[in-house]
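Commentary on secondary and tertiary structure
Residue strings, one per chain:
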Amino acid sequence: NDNTGINQDHLNVGGMYTGPTKEMYTTAIGAWARVKEETNSSYNGTNGATGTGAFMPAQRAVQILDRMWDEYQNKIKLEDENENENSNHDSDGNGGSDSNGDTVRSNTRRRKANGQSMAPKPDIIHYTTLLQCLANANSQAATNIALDVLHKAEMESGVIALMQSMKRNEENTNKSERDRDRDKEELLGIDSLDPNLVPDRRCYNTVLWCLSRYFDSRRDHNSNSNNNSHGHRNNSRNSNSNQDRDRSKHNPTAIVRRMNSILDKMNALGDLLDDNSFRPNTRSYNLLLQAYARPQMCNIITIKTVEGTLLSMMQQAENTLKRKDETLDKSLMVLRDEEVVRELEEYKVLPNAKSFNPLITYYSHDTNSKRGMENALNVLRALLMYQYVPNPSLDLGKSGNANSEGKRSEGESKGIHDQILSHPLMEYMYPDVVTFNSLLACYQKNNTEADKDRNVDADLGQKSETILDYMMGKTSSEEAIGIPRNYATKMTMGDLCIAPDAISYHSVMNAYAKRGKAQDAERILERLIEESEREWEQKNWNNENISRHVLKPTALSFNIVLQAWANSSDVDCGSRAQAVWDRMASLATEFDHDSLTPSKPCWSNLIIAWCKEASQTGAEGSFDKAAELMEEMRWHGYQPISAQYNLLLALPPTSAYREGDEAVKYRIATKARLFLLGLLKDKTLPKRSQPDIYSFNHIIKSFQSFSRRSYRRESIFVAIDTFNALCASNSCNPNANTFIQLLKVIQDSVLDDDDGDERICLDRGGLCAEIFHKCCELGLLTNAVIRICQAEGMLPQESIIRLEACRSDIRDVVNDGSFPERGPLTVSNLPPEWSCKRRVGQNQGKNRKNQN
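**Observations regarding the overall build of the protein**
What the protein contains, in helices and strands, is 38 helices and 0 strands. In the protein, which comprises 852 residues, the share counted as buried stands at 49%. Across the protein, the fraction of contacts at a sequence separation of at least 24, relative to all contacts at a separation of at least 6, is 75%.

As C-alpha cells, this is what we get:
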C-alpha cells in the first residue's frame with residue numbers, strides 16, 4: 001500500500017477481500033517494533049514535520065495500524081451499501097421477491113460468517129506490538145502517542161463505555177441495591193466488550209514504562225504526534241487531548257497523576273470483570289516507584305509516598321500468601337521455591353530488588369546528604385541480613401525529603417521505615433547488582449566539592465571502593481557496609497551471583513573524580529581494564545552474543561577519567577589526560593571495538609585538560625597541542641562550540657604567559673589571532689560555533705602589557721585589525737569591554753611620528769579620541785573607559801575641552817578657556833545616550849546598519 005490513499009480494488013473483487021491478511025499486518029508492525037534503537041538514526045522520515053531517528057519506526061507502525069483500521073471500516077461500508085442496494089432492488093415493482101437478489105444476500109452472509117469478505121480487524125496483539133514499538137522509540141512524542149493508542153483500544157473494545165455505564169449505575173440512588181446489581185449483571189451479560197480488543201496488563205505496563213522514563217526520553221520537537229495518533233477517528237477527544245498534553249508537557253505532577261490513574265483503571269477493570277489478569281502486578285508498581293525516584297519528582301513526591309507504595313506492595317503480598325490456620329512466617333516459606341516467586345511476580349504483587357532500588361535512589365536526592373546515604377545503606381543492610389537490626393548510631397527517624405508540604409513527623413517516618421525493613425518478607429528479599437549501583441550512585445552524587453560544608457565524609461571515594469571490593473569478595477560485610485560479625489548474612493556475593501559491572505566501576509571513578517582525585521579515578525579504570533582482560537582472555541569482543549552483558553571498558557569509562565584530569569589542578573593534567581587517551585586508543589586498536597571510539601565529551605575534556613595545563617605552565621607546546629586537538633576534533637566530525645574555542649583563545653592573557661618570556665607570549669598571541677581569523681574565514685561553521693564577542697576580546701587583551709618596544713608598537717596595529725574584523729563580522733557586535741581592552745592596548749603602545757611607519761598617521765591621543773568617539777556613538781561608554789582616557793597623554797587637549805563642555809553639571813566657561821572646580825567626570829554627568837546601560841560582557845551596540 002502506498003501513502004496516498006486506500007486502494008479500493010481489493011475491497012470488492014467478486015465480494016471477496018483480496019488485500020493484506022491479518023498475519024501480514026502483524027508481521028509488518030512487529031518488524032518495525034524489532035528495529036534496534038542504535039540503528040534508528042539511519043532512518044529518515046518522509047515527512048519533514050514528523051519525527052526523526054528512533055521515532056521513525058514508531059511512526060511507521062502507527063501508520064500500518066491506521067491502514068488496517070481503514071481497510072476494515074471501508075469494507076464494512078461497502079458491504080452495507082451492497083445490502084442496501086439489494087434491499088432497494090427487492091422493494092421495486094410490485095413488491096415481489098427476486099431470487100437473484102436472495103442469492104446475492106445469502107452469499108454475502110455466508111462470506112461474512114466465514115470471514116472471507118471481511119478485511120482483517122485489529123486485535124490486542126497489534127496494539128501490544130505497537131505500544132512496544134513506541135516504547136522502544138524512547139521519546140516524549142512517542143509517549144504521548146502511546147497514551148492515545150491505549151485510549152483508542154479502550155474505546156474500540158468498549159471498556160470505557162462499560163465503565164461509564166457501571167459508574168452511572170452505581171451513582172443512581174433512585175434504584176435499590178438489588179436493582180443496581182441486576183442492571184450490573186445485565187451490562188456484563190450483553191456483548192458490551194470485544195474480547196479481542198480489551199487492553200491487557202501488558203498494554204498498560206508498556207504505557208507505564210513509557211511514562212516512568214518520560215523525563216529521560218528525547219524531546220522530539222519536530223515530531224507532531226497529532227498526525228499519527230488516530231486523530232481522524234476521535235476528533236472530539238483530540239482537541240481536549242492536545243490541550244491537556246500541552247499543559248502537562250514536562251510536568252512531573254501530570255505524569256504521576258497519569259500513572260496512578262492507569263493503576264486505578266487496572267484495578268477497576270479487574271474488579272469489574274472479576275479477572276486478576278487485568279490487575280497490576282509487581283512490574284506495574286515497580287515502574288511507578290522508578291518514576292518516583294526521578295530527580296524531577298523529588299519536589300512533588302515525598303518519601304512518605306515512596307515508602308507507602310512499597311509498604312502497600314508488601315501488604316498485598318502478605319494478604320496473598322497468608323493462609324488460614326498458619327502463621328505468616330510459615331506461609332512465607334513457599335517463597336523458597338523460585339517458580340512460586342516468579343509466578344507471584346508475574347501475576348500478583350511481590351516486592352523484589354527492583355522495588356527497593358528506587359527507594360535507595362530517592363534517598364540519594366535527600367537535601368541532607370549524610371542522612372540520605374545512611375538510609376540508603378540501611379536498605380542494603382536489611383536486604384543482606386537475616387534479621388534487620390539498625391545501627392544505633394544512625395537516626396532513622398529523620399528520613400525523608402525536607403519538603404514543607406507532606407512532611408511527616410519523626411515518629412510517623414520511623415514507623416514506616418521500620419515496617420519496611422523489619423517486615424517478615426525481607427527475609428526472602430535479596431539485592432542485585434543494581435542495588436549496589438544505586439548505593440554507589442548515592443555516594444557519587446554526594447561527593448562533590450560543595451558537600452564539604454554539608455557534614456559529608458570526605459572519603460566517600462574510598463568507601464565506594466570498599467563496597468566495590470565487597471562485591472568482588474575481597475573484603476568483609478562489616479568493613480564495607482557495617483554489618484557486625486555476629487550477624488550472619490543470607491548469602492555471599494558468589495551465592496547471589498552479584499559481580500560489579502561497568503556502572504559499578506563508573507560510580508567509584510566518579511566518586512573520586514568529583515573530589516578532584518584524578519589519580520585514584522585512573523587507578524579504578526586500570527582495575528576495570530585488568531578485570532575485563534581477565535574475563536576476555538580467550539574471548540573476542542566482537543562476538544555480540546558473548547559481549548552484550550560482559551564487563552568491558554567503554555569510551556564513557558575513559559571520559560570519566562579525562563574529565564577528572566580536566567578538573568584537576570595538577571600542572572601536568574594535560575599530559576596525564578593524553579596518557580589516558582593513548583591508553584584508550586591502544587585498546588581500541590587491540591580489540592577493534594566500536595565502544596572505545598572517542599565521543600565528543602572525550603575530545604572536549606582532553607582539550608580542556610591541555611588548556612588548563614597551558615594556563616598553569618605557560619608552555620608553548622601545550623597551547624599548540626590544544627590547537628591541534630581542536631582541528632583534529634573537527635576532522636572527526638565533532639564541531640566545537642564557541643565556548644570551547646574561547647578556552648584556547650583565552651590562554652594568551654593568562655598570568656602564566658603574561659609573566660613568562662615575552663617572545664613566547666607574543667608568538668602565542670599571534671597564533672591565537674591567526675586561529676580566530678581562520679574561524680572567521682570558515683563559512684561552514686554553524687551559528688553556535690562561530691566566534692562571539694568573548695573571542696575577539698580575548699585576542700585584543702592578549703596584546704597588552706609588553707615591555708619590548710617592537711612588541712608594544714606592533715600590538716596596536718594587531719588590536720585595531722582585530723577590532724575591524726569584529727565590526728565586519730556578522731556573528732557579534734562590540735561591547736563595553738571591547739573598548740576597555742582596546743584602549744588599554746593603546747595606553748601600553750608606542751606610536752612615534754619619526755618611525756616612518758605609513759600604516760597609521762595618528763598619534764596615540766588622536767587614535768584614543770577616535771575610539772572614544774566610536775564608543776560614545778555606540779552607547780557603550782563606561783566609567784572605566786573615562787578613567788583610561790583621562791590618563792596622561794591619552795586624549796588631546798581639544799578633545800578634553802569638548803568633553804568637559806558636554807557635562808551636565810556645569811554650563812559656564814571661564815574667559816581663559818578653563819573650567820571652575822567640579823566633581824570627577826563620570827557617565828552620570830555626560831549625555832545619557834553615550835552611556836552603557838547594560839552589563840559589560842554582553843553583545844551590545846546599535847543595529848548593524850548604524851554601526852557600519
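**Regarding helix α18 (residues 433–445)**
The α-helix winds at 3.6 residues per turn, so residues separated by three or four positions along the chain end up facing the same way. Taking 1.5 Å per residue as the helical rise, α18 with its 13 residues ought to reach 18 Å, and the 18 Å between its terminal C-alpha atoms agrees with that figure. Turning to α18, its buried residues are T435, F436, N437, S438, L439, L440, C442, Y443 and Q444. Between the side-chain oxygen of the N-cap and the backbone nitrogen of V434 there are 3.2 Å, and the N-cap of α18 in question is D432.

**Side note on unusual backbone geometry**
What is expected of a backbone is that most residues other than glycine have negative phi and most peptide bonds are trans. The residue N138 is not glycine, and still its phi comes out positive at about 55°. Here N138 is to be found in the loop between α4 (124–137) and α5 (140–157). Taking relative accessible area as the criterion, N138 reaches 16% and is therefore assigned buried. A positive phi is found at D274, a non-glycine position, where the angle reads about 55°. Its location among the elements puts D274 in the loop between α10 (252–273) and α11 (282–292).

**Let's talk about the packing of aromatic side chains**
For the structure on display, the rule yields 10 aromatic pairs. Ring pairs connect the aromatic residues Y666, F703, F706 and Y711, which therefore count as one cluster. Across the ring face of W69, the terminal group of K152 is positioned such that the distance to the ring centre comes to 5.1 Å. Residue placement shows K665 over the ring face of F706; its charged tip is 4.4 Å from the ring centre.

**Considering the nonpolar core**
Formed by 174 residues in total, the largest nonpolar core has its most connected members in L134, F356, L384, F436 and I481. Each residue touching L384, except ones within four places of it in the same chain, is listed here: P431, F436, Y470, I481, I483, T489, K490, M493 and L496. The next biggest cluster of nonpolar side chains, apart from the first, holds 34 residues, and it includes F723, I746, V785 and V827.

**Section: the confidence of the model for the protein**
Any region with low pLDDT has predicted coordinates that should not be read closely. Looking at the protein as a whole, the pLDDT averages 76, with 72% of positions reaching at least 70. Scored below 50 in pLDDT, residues 452–456 makes 11 contacts in the model with residues more than four places away or belonging to other chains.

**Here's the deal with the environment of M266**
Within the secondary structure layout, M266 lies in helix α10. The class of M266 is buried, set by a relative accessible area of 0%. The spatial distance from the C-alpha of M266 to the C-alpha of D200 is 8.7 Å, given a sequence separation of 66 residues. The contacts of M266, once residues within four sequence positions are left out, are R201, Y204, N205, L208, F278, R279, P280 and S284.

**Some thoughts on the side chain of R201**
Its place among the elements puts R201 in helix α8 (residues 201–212). The side chain of R201 sits in the buried core without any salt bridge; E346 is the nearest counter-charge, 4.9 Å away. What R201 contacts, discounting residues up to four positions off in sequence, is M266, N276, S277, F278, R279, P280, N281, E346 and Y347.

**As for the pattern of salt bridges**
Enumeration over the complete set of coordinates arrives at 21 salt bridges. Linking E526 and R583 is a salt bridge whose minimum nitrogen-to-oxygen distance equals 3.4 Å. Residue E526 is located in helix α23 (residues 518–535), and its partner R583 is located in helix α26 (residues 573–591); the two are separated by 57 residues in the primary sequence. Exposure remark for E526: the relative accessible area of 26% places this residue in the partly exposed category. Its relative accessible area of 27% is what places R583 among the partly exposed residues.

**Concerning helix α27 (residues 600–617)**
When the terminal C-alpha atoms of α27 are compared, their 26 Å separation across 18 residues agrees well with the 26 Å that a helix rising 1.5 Å per residue should span. Positive backbone phi, at 70°, marks G618, one or two positions downstream of α27.

**Looking at the packing of helix α19 (residues 460–471) against α23**
The contact between α19 and α23 brings their axes to 12 Å, and the two run at 15°. Taken together, the axes of α19 and α23 lie roughly parallel to each other. As α19 packs across α23, the resulting crossing turns out to be left-handed. Judged by residue contacts, E465, L468 and D469 of α19 engage R523, I524 and R527 from α23. For the contact of α19 with α23, a count of residues per class yields 2 nonpolar, no polar and 4 charged.

**As for the environment of Q59**
Its place among the elements puts Q59 in helix α2 (residues 55–90). C-alpha of Q59 to C-alpha of L134: the two residues are 75 residues apart in sequence and 8.3 Å apart in space.

**Here's the deal with the state of the cysteines**
According to the stated counting rule, one finds 0 disulfides in the structure shown. Here C727 stays free of any disulfide, with the sulfur of C732 as its closest cysteine sulfur at 9.6 Å.

Basis of the calculations
Residues take numbers from 1 onward in each chain, read along the sequence in its written order. Where totals are concerned, whole chains, interfaces and linings use all residues; where local detail is concerned, this predicted model gives features only for residues with pLDDT of at least 70, and gives and counts side-chain atom pairs only at 80 or more. Calculation of side-chain values draws on the structure's entire complement of heavy atoms; hydrogens and water are dropped beforehand. Helix and strand labels come from DSSP, where a helix needs a run of H or I of at least four residues and a strand needs a run of E of at least two; each type is numbered from the N terminus. Partly exposed describes any residue whose relative accessible area lies between the buried limit of under 20% and the exposed limit of over 50%, with all areas from a 1.4 Å probe on protein chains only and scaled to the type maximum. By definition in these notes, contact holds between two residues if any of their heavy atoms fall within 4.5 Å. Expected helix span is computed as 1.5 Å times (number of residues minus one). Polar contacts, as counted here, are pairs of nitrogen or oxygen atoms within 3.5 Å of one another; within protein the pair requires one atom able to donate a hydrogen and one able to accept it, and residues that are adjacent in sequence qualify only if both atoms are side-chain atoms. Only the six-membered ring of Trp is used, alongside the rings of Phe and Tyr, when aromatic pairs are assigned; centres must lie within 6.5 Å, and planes under 30 degrees apart are stacked while those over 60 apart are edge-to-face, with the rest tilted. Lysine and arginine charges are scored as sitting over a ring when NZ or CZ, respectively, is within 6 Å of the ring centre and within 35 degrees of the ring normal. Here the nonpolar core consists of buried residues drawn from Ala, Val, Leu, Ile, Met, Phe, Trp, Tyr and Cys, with membership extended through side-chain atoms lying within 4.5 Å. pLDDT runs from 0 to 100 and stands for how confident the predictor is about each residue. Neither His nor the chain ends contribute to the count of charged residues, in which Lys and Arg are positive and Asp and Glu negative. Each reported salt bridge corresponds to a side-chain nitrogen of Lys or Arg within 4 Å of a carboxyl oxygen of Asp or Glu. Throughout, an axis means a line fitted to C-alpha atoms (over the contacting stretch in the case of helices), and angles, computed between N-to-C directions, take values from 0 to 180 degrees. Should an angle fall under 35 degrees it is called roughly parallel, over 145 degrees roughly antiparallel, and 65 to 115 degrees roughly perpendicular, with every other angle called oblique. The sense of a crossing depends on the near helix, which, turned anticlockwise from the far helix by less than a right angle, makes the crossing left-handed and, turned clockwise, makes it right-handed. Gly counts as polar in this scheme, as do all residues outside two lists: the nonpolar Ala, Val, Leu, Ile, Met, Phe, Trp, Tyr, Cys and Pro, and the charged Asp, Glu, Lys and Arg. Cysteine sulfur atoms are paired as a disulfide whenever they come within 2.5 Å of each other.

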